[in-house]
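# Chain and residue survey
Listed here are the chains, written in short residue letters.
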Amino acid sequence: METTTLDPKTRPHGAATAHRPFRTVTVLGAGTMGAQIAAHCANAGLTVNLLDIAPRDEAQPRNAVVEAAFQRATKLKPDPFFTDAAKKRIRLGNFDEHFDRVGEADWVIEAVVERMDIKRQVMARVEEVARPDAVISTNTSGLPIAQIAEGRSEAFRRRFMGTHFFNPPRYLKLLEVIPTPDTDPALVERVAHFGRVHLGKGIVIAKDSPYFIGNRIGIYALMVALRHFTEGDYTIEEIDTLTGELVGHPKSATFRTADVVGLDVMKDVIENLYAAVPHDEDREVFRVPEVLVKLVEQGALGAKTGAGFYRKEGKVIKSINPATGQYEEPRPINLEGLDAIKQAGGLADRLRALWQDEGRAGAFFRDTTLRLLSYSARRIPEVTESPADVDRALKWGFGWQMGPFEMWDVLGFEAVVEALREAGLPVAAWVEAMPAHGATTFYRRANGMPQVYVPAEEAYVDDPPPADEISLAAIKTDERRVLWKNPDAALLDLGEGVALYEFRSKANALGQFVMEGLMEAIERVENDPDLRGMVIANEGKNFSVGANLGEVAMAVMSGQMDTVEQAVRGFQQAVQRVRYAAKPVVVAPHQMTLGGACELVMACPNPVVAAETYIGLVELGAGLIPAGTGTMRLAAQAAALAPNGFPNEIQAYLQKYFEQVAMAKVATSARQGQEMGYVASHAPVVMNAERRFFVARQEVIRLSEQGYLPPPPLTHITVLGRPAAAALEVGAYQFLQGRFISAYDFHLAKKLIYVLTGGDLTGPAEVHEDYLLDLEREAFMSLLGEPKTQERIMHLLQHNKPLRN
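A brief structural summary. No experiment lies behind these values; they were computed from the predicted model shown. (Residues numbered from 1 in each chain as written. Predicted model: local features only at pLDDT ≥ 70, side-chain atom pairs only at ≥ 80, totals over all residues. Heavy atoms only, no water.)

The next subject is the side chain of Asp389. Looking at the element boundaries, Asp389 is found in helix α18 (residues 387–398). With a relative accessible area of 13%, Asp389 lands in the buried category. A polar atom in the side chain of Asp389 sits 3.0 Å from the side chain of Thr384. (Helix = DSSP H or I, 4+ residues; strand = E, 2+ residues; numbered from the N terminus. Buried < 20%, exposed > 50% of the residue type's maximum accessible area, 1.4 Å probe, protein only. Polar contact = N/O pair within 3.5 Å; in protein donor to acceptor, adjacent residues only side chain to side chain.)

Written out as structure tokens, the structure reads:
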């Protein structure tokens, strides 16, 4: 049976939602990948069975292997789990006693050792136990998918496919879905939809070719860069400089990435890839270099052994010299003109500057880039039909900001083709033929629709994003959709009667123009009969790391304390405006959401939060307390959460919130943010951050259509007064005595406690929220006048890390 060509991105949103979600998953194999796949499925709210072999020694507990593997997963950094609650959704078992749990699963994911014979044996057992409607998939980085299912029934093969997660599964977006000729296309669509919406993945449908798309081309790029080191042309430090953030790749670049992955793992992957591609005209690129062989033999396996390509000795990070086999201090980087290239502008400008550079930096970039672009083009149609799938796989799987064909368009189609010819590198026949079909770019927009050139069609093909993924960058290309703007913010038409307020300040800092603009935007939305409400969100690297400390520092140094106090009052008013707006305002954060940005989320009655949102009140690191309604909000929450309103119940919540703020704890997921009280417990958590604008827009529409009424003001907040403050101060004093905090930290803690407990009240009382806002602001202003706070602020601005003075 032949499968049809699948591209779940192009399916209408309504059709995609018809797929039944998976509820129970059984993961077979609890190694590095299996345990983390299980963790991420648990993050998504699934019930998970994680099984592995029983130990050969019958004297050991039958679950010893799986329990040890699970414990290792719980200690990994970064953490594969959102919360401790997610860990409890995983039930451990072994193949001998618990294989029947395969029959409980909607989806069975096999992730055992990368050996064809073992995977086939496991599949034979799975077929005996699995439900007839269960989807079966194998997680493999390169073994042929169809061969794994050989010998199984037609019914089994119809529901079998490859699902290649990238490590670590929680954090790397790519999920390659690999159907066989027998796989039911409807099930491929179901897995692709679930992976995108509920696991937060970027889905690429790959062909069943060696190492699929991401690893095939990503490892090629790594090996081409590595060759310049082994041949002695460039040092490790120079190559990592030229293959990192400068060219839109992760900071870990080439050699630091290899050390993190593990040199033994890297060596095995390269050897397996070399063996799997005898037909590849560039096969010799995948031959394991001698330096890598020697490092593995010596036990220098990278970060996990403390030495790999790099080794840290004291405060010095040394790197291996392939000629001597010794670790040496880094030599000065010999890349003339590098500073000018770094300052050329955005990524596209830096790539063009490197392309034109006549020094060693340009020579390295041209050689490695030309080889990558040539190879990527020649892998089509072997690995996929579309250049867009290659680009997505490299961006989502390896963290690149641009894929190979996007880079080609930036550098110029004809310029790259001519350079390939001059370098004696092959130009794919389909690339040579493109101009004859009127194509001299790989991407274009036609009638507002993004398109990509597909060689099999000899034409451009529509390549729209999924209907539930909205691009602000695309919206901003139409000036008619910019409803209003100031120097640091804008109000955009998000469609369907919903506006979006976007920060445009440096690092999305919440400065004067942003907060004044927020008030203006809400006013406009409230008074526009065609608008239902507003979303607050952006496409920055982070939602916002808080207030603009630079503005504060300048005003303080100029002695303009009255101006600062007015700004703090205005900040509070703007945040309160979000809460009490006459039409729904939905804050939709992602990534770092700190300080004042956290306060915006806390104030919002109905936020929509990306799963990977790192949220917290970190003001004490700057020598201040939260004063954008955050401290008031925590005091109010403590009182509201107390089941009976008794002081001891309120005190327990106050203690928790005080410790969080005093230690500047930041939630490492949106779910943890809910546990910490920074995100409303009813807030939708969006696993795929690209969907947050759509989900937030739908939330505004829902709230509007059900008849929106803002929450009532907090007029009777129970605060506990000085007795509770004294108890909290005792705890803080113990930290001071134990030298866990400084004397100034203790001073800051007392200021925070003063506001949380309601100031100078002699005992429990009910107060209006405005009373606590006044206390917040007064404490904030008093701290701003203190030299140690001013030292902390300046240190943060100069070094981007807190000072504990």
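There is more to say after this.
The alternating pattern of strand β5 (residues 135–138) places Val135 and Ser137 on one face and Ile136 and Thr138 on the opposite face, and all of these are buried. Note that strand β4 (residues 107–110) and β5 share 4 bridges and pair parallel. When the sheet's bridge partners are listed, Glu110 is paired in β5 with Thr138. Of the crossover connections in this fold, the one passing from β4 over helix α6 (residues 116–129) to the parallel β5 is right-handed. Taken together, the 3 bridges between β5 and strand β6 (residues 160–165) define a ladder with parallel strand orientation. (Pairing = 2+ DSSP bridges. Right-handed = clockwise from strand over helix to strand, strands pointing away.)

Further remarks concern the state of the cysteines. Per the stated rule, a full pass over the model turns up 0 disulfides. Lacking any disulfide linkage, Cys604 is separated from the closest cysteine sulfur, that of Cys598, by 12 Å. With a relative accessible area of 3%, Cys604 lands in the buried category. (Disulfide = S-S within 2.5 Å.)

Any space left empty among the atoms is revealed by the rolling of a water-sized probe across them. Going through the model one piece at a time under the given rule, you end up with 2 cavities of 30 Å³ or more. Every residue along the wall of the second largest cavity is listed here: Ile522, Val525, Glu526, Gly533, Met534, Ala581, Lys583, Pro584 and Val585. Secondary structure elements with two or more residues in the lining of the second largest cavity: α23 (512–526) and β18 (533–536). Top contributing element to the lining of the second largest cavity by residue count: α23, with 3 residues. Taken together, the residues of the lining of the second largest cavity break down into 6 nonpolar, 1 polar and 2 charged. (1 Å grid on protein atoms, 1.4 Å probe; cavity = no way out; pocket = protein on both sides within 12 Å on 5 of 7 lines; lining within 4 Å. Points joined across faces, edges and corners; volume = space filled by probe spheres on them. Nonpolar A, V, L, I, M, F, W, Y, C, P; charged D, E, K, R; others polar.)

What follows covers the packing of aromatic side chains. In the structure shown here, the tally under the stated rule is 27 aromatic pairs. Seen from their ring centres, Phe22 and Phe194 are 5.1 Å apart, and the 75 degrees between their planes marks the pair as edge-to-face. With Phe22 in the loop between α1 (13–16) and β1 (24–28) and Phe194 in helix α9 (residues 185–197), this residue pair connects regions lying 172 residues apart in the sequence. Taking the relative accessible area as the measure of exposure, Phe22 reaches 1% and is therefore buried. Taking relative accessible area as the criterion, Phe194 reaches 3% and is therefore assigned buried. Relative to Phe286, the ring of Tyr220 has its centre 6.0 Å away and its plane inclined at 65 degrees; by these criteria the two rings are edge-to-face. Here Tyr220, found in helix α10 (residues 214–230), pairs with Phe286, found in the loop between α13 (263–276) and α14 (290–297); they are 66 residues apart in sequence, far enough to count as distant. Assessed through its relative accessible area of 2%, Tyr220 is described here as buried. Pairwise contacts between aromatic rings join Phe405, Trp408, Phe413, Trp430, Phe442, Tyr453 and Tyr460 into one cluster. When the ring centre of Trp396 is taken as reference, the NZ or CZ atom of Lys173 above it lies at 5.9 Å. Positioned over the ring face of Tyr274 is Arg283, at 3.9 Å from the centre of the ring. (Phe/Tyr/Trp six-rings, centres within 6.5 Å; stacked < 30°, edge-to-face > 60°. Lys NZ or Arg CZ within 6 Å of the ring centre and 35° of its normal.)

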